[in-house]
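# Per-entry structural report
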Amino acid sequence: MPVSTGALPITAKNLSVIEQSKRLAAYTAVDKHILPEHKIIGIGSGSTVPYVVERIVTQGNELNKDRVFIPTGFQSKELIVMSKLNLGDVDQYPTIDVTIDGADEVDTELNCIKGGGACHLREKVLAEAAKTFILVADYRKNVEYLGQNFTAGVPIEVVPFAYAKVLQNLQHVLGSPNATLRMAKAKAGPVVSDNGNFIIDAPFSREDMKDPYTIMARIKMLTGVVEVGLFCHMAEASYFGNEDGSVTVKRRASPNHVAPVIEEHIASPAGPQ
Ligand SMILES: O=C(CO)[C@H](O)[C@H](O)COP(=O)(O)O
């Protein structure tokens, strides 16, 4: 019997503006990208993703009975199971039709920071495995450059015994003097990821964050680093729910990862009302 963590989608009538924005983004992205022919679907992590699952459930059992849903961690696994959708894993399904996930911030080139929920290792595997990778977020995450509003830093998953060495390298070699080990809120000691690893949050300068691919590659080269929460050149589109009930869409002009990014506004999306 699955245990509820409270992360389940509950259709509340009195959602805050931010929650409404998350739901708007999630519903619009599902309506646009989860099509009847999609059978293997990746489900990301965070507080926006329950609305993704909620919308998928409304597509009905006839469609969903032949689908398999792949989670990025404990939270999304529970969401899938509690929603009575078929659960699979990426080792059984290394090719995914569409993965939809949240983001901590998304820049003008569709690069994003992920890992606010410490799930970015599995999230990146599911993003890479997906033919189409889609982001959903509220308006606060729609930025010009990464680190603009999300100042906690780049989430970095590290093997526990190497954390002090990685921290030292980040602070003294890679130029992140305020890099810190993420501490748990309701437990003494560090946050431990679903993979048994620690998380370091490393803030970088605006200059560094303008070229997230380079900083991501430099961090990843540090021995002991498992994965970096910078997702560069991966997303095909990002949906942002706005305070006024509209949706901003940033998307590649074609499914080629070097195609220019177009920004569009959908005044009143049909789905989420
Ligand atoms: O990367 C993530 C977890 O590791 C989340 O997708 C990210 O933190 C966004 O979460 P939310 O939808 O709650 O803002």
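Before any of the text, the structure's been laid out above.
Residues numbered from 1 in each chain as written. Predicted model: local features only at pLDDT ≥ 70, side-chain atom pairs only at ≥ 80, totals over all residues. Heavy atoms only, no water.

### Thoughts on the packing of aromatic side chains
Throughout the structure, instances matching the rule amount to two aromatic pairs. Measuring from centroid to centroid gives 6.2 Å for Phe133 and Phe231, while their planes differ by 35°, and the two rings are tilted. Of the two residues, Phe133 is situated in strand β6 (residues 130-138) and Phe231 in strand β11 (residues 230-231); the sequence distance between them amounts to 98 residues. A single burial state applies to Phe133 and to Phe231, both of which are buried. (Phe/Tyr/Trp six-rings, centres within 6.5 Å; stacked < 30°, edge-to-face > 60°. Helix = DSSP H or I, 4+ residues; strand = E, 2+ residues; numbered from the N terminus. Buried < 20%, exposed > 50% of the residue type's maximum accessible area, 1.4 Å probe, protein only.)

### Describing the sheet that holds strand β10 (residues 225-228)
Two pairing modes exist for strands in a sheet, parallel and antiparallel, and in both the strands are linked by backbone hydrogen bonds. One open sheet holds the four strands; their spatial order is β8-β9-β7-β10, and the pairing between them is antiparallel. Looking along the sheet, the strands with just one partner apiece sit at the ends: β8 (180-181) and β10. Examined bridge by bridge, strand β7 (residues 154-158) and strand β9 (residues 198-202) share five bridges and lie antiparallel to one another. When the sheet's bridge partners are listed, Ile156 is paired in β9 with Ile200. Against the sheet, helix α6 (residues 163-172) touches β7, β8, β9 and β10, its axis set at about 10° to β9. On the sheet, helix α8 (residues 212-220) packs against β7 and β10 and is oriented at approximately 165° with respect to β10. (Pairing = 2+ DSSP bridges. Contact = heavy atoms within 4.5 Å. Axes fitted to C-alpha atoms, helices over the stretch in contact; angles between N-to-C directions.)

### Structural notes on the pattern of salt bridges
Enumeration over the complete set of coordinates arrives at 12 salt bridges. Lys65 serves as the salt-bridge partner of Asp66, at 3.8 Å between the closest nitrogen and oxygen. Owing to a relative accessible area of 47%, Asp66 belongs among the partly exposed residues under this scheme. We classify Lys65 as partly exposed; its relative accessible area is 42%. In this structure, the salt-bridge partner of Lys124 is Glu227, at a minimum N-O distance of 3.0 Å. With a gap of 103 residues between them, Lys124 in helix α5 (residues 120-129) and Glu227 in strand β10 connect regions that are remote in the sequence. Salt bridges linked by common partners bring Glu62, Lys65 and Asp66 together as one network. (Salt bridge = Lys/Arg side-chain N within 4 Å of Asp/Glu carboxyl O.)

Spatial relationships are all this shows, so hold off on functional conclusions.
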